[in-house]
Amino acid sequence: MGDFIRMVPQVTLEQFHAFRDERPKEEKWELIAGVPQMMPPPTLMHQRISGNIDRLLTAQLGKTKPEWRSDREIGLLLPEDDKYNPEPDVTVIDTDIGIGQIYATQFFFVAEVLSGSDKPIVLDLKLAYYKQHAPCRGVLFVRQDRVEAELHVRKSVWTTSELKNPVDHIVIPDIGDIGSLSQLYRHTPLWRPEFGS
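Residues numbered from 1 in each chain as written. Predicted model: local features only at pLDDT ≥ 70, side-chain atom pairs only at ≥ 80, totals over all residues. Heavy atoms only, no water.

> Pulling in residues and values, what's your account of the sheet that holds strand β7 (residues 109–114)?
Overall, mixed pairing links the six strands, which are arranged β3-β5-β7-β8-β9-β10 in an open sheet. In this open sheet, the two strands that pair with only one neighbour each are β3 (68–72) and β10 (158–163). Averaged over all pairs of adjacent strands, the angle between strand axes in this sheet comes to 15°, irrespective of strand direction. Note: strand β9 (residues 149–154) against β10, six bridges, orientation antiparallel. (Pairing = 2+ DSSP bridges. Helix = DSSP H or I, 4+ residues; strand = E, 2+ residues; numbered from the N terminus. Axes fitted to C-alpha atoms, helices over the stretch in contact; angles between N-to-C directions.)

Here's what the structure looks like:
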């Protein structure tokens, strides 16, 4: 991690926002450990998987946590940390938001749909950032090139599960069972009828 940070100059949050505001609107930038990172344009697979996660979370939250909701592509900005400004693919936040609010300052769950260009060090840094936020119950990293996901959940301590079987279920503390791994791939080329609905 140290070598990566030394190779690229770190910027302040203010500098990052000024830089990002000057970039073309179609570019998606995140600040990770003080280093601006350009995210690749999302594929249709990426968008479909993100939509499936959002739909599954919304259905489950309606049963278990109606005061929380799932949103797509919203920025996170924690008051105590000015080196990070990520934008997960799907985030669970409070239903109460302010008029004109741009960033979520508290989150309970995040999901990221991975692409082949994602750097492992950046994913490690994001995971550490998500985990250090006390209200966060879980983090889901989902592959878009195969039926596979990595689920991190906070119980008394953080635990990690590798999900590779289509019937594996995604269970998040305080949220519950949002469905099977296969359901994340519904209406994509990786979904098979034998997976069920």
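> Requested: an account of the packing of aromatic side chains, with residues and values cited.
Any aromatic ring pair is given by two values, namely how distant the centres are and how the planes are angled relative to each other. Tallied over the entire structure, the rule returns five aromatic pairs. Considering the side-chain rings of Tyr84 and Tyr129, the 4.5 Å spacing of their centres and the 15° angle between planes classify their relative orientation as stacked. Residue Tyr84 is found in the loop between β4 (75–76) and β5 (90–94), and its partner Tyr129 is found in helix α4 (residues 120–132); the two are separated by 45 residues along the sequence. Seen from their ring centres, Phe107 and Tyr130 are 5.9 Å apart, and the 85° between their planes marks the pair as edge-to-face. A residue pair is termed long-range when its members are at least 10 positions apart, and Phe107 in the loop between β6 (103–104) and β7 and Tyr130 in helix α4 qualify at 23 residues. Judged by its relative accessible area of 0%, Phe107 is buried. Here the aromatic residues Tyr84, Phe107, Tyr129 and Tyr130 are joined through ring pairs into a cluster of three or more. (Phe/Tyr/Trp six-rings, centres within 6.5 Å; stacked < 30°, edge-to-face > 60°. Buried < 20%, exposed > 50% of the residue type's maximum accessible area, 1.4 Å probe, protein only.)

> Talk me through the side chain of Thr91; I want residue IDs and the actual numbers.
When you line up the elements, Thr91 lands in strand β5. Residue contacts for Thr91: discarding those within four places in its chain leaves Arg69, Ser70, Asp71, Ile74, Leu76, Phe107, Phe109 and Val110. (Contact = heavy atoms within 4.5 Å.)

No statement about biological role is implied by the geometric values presented.
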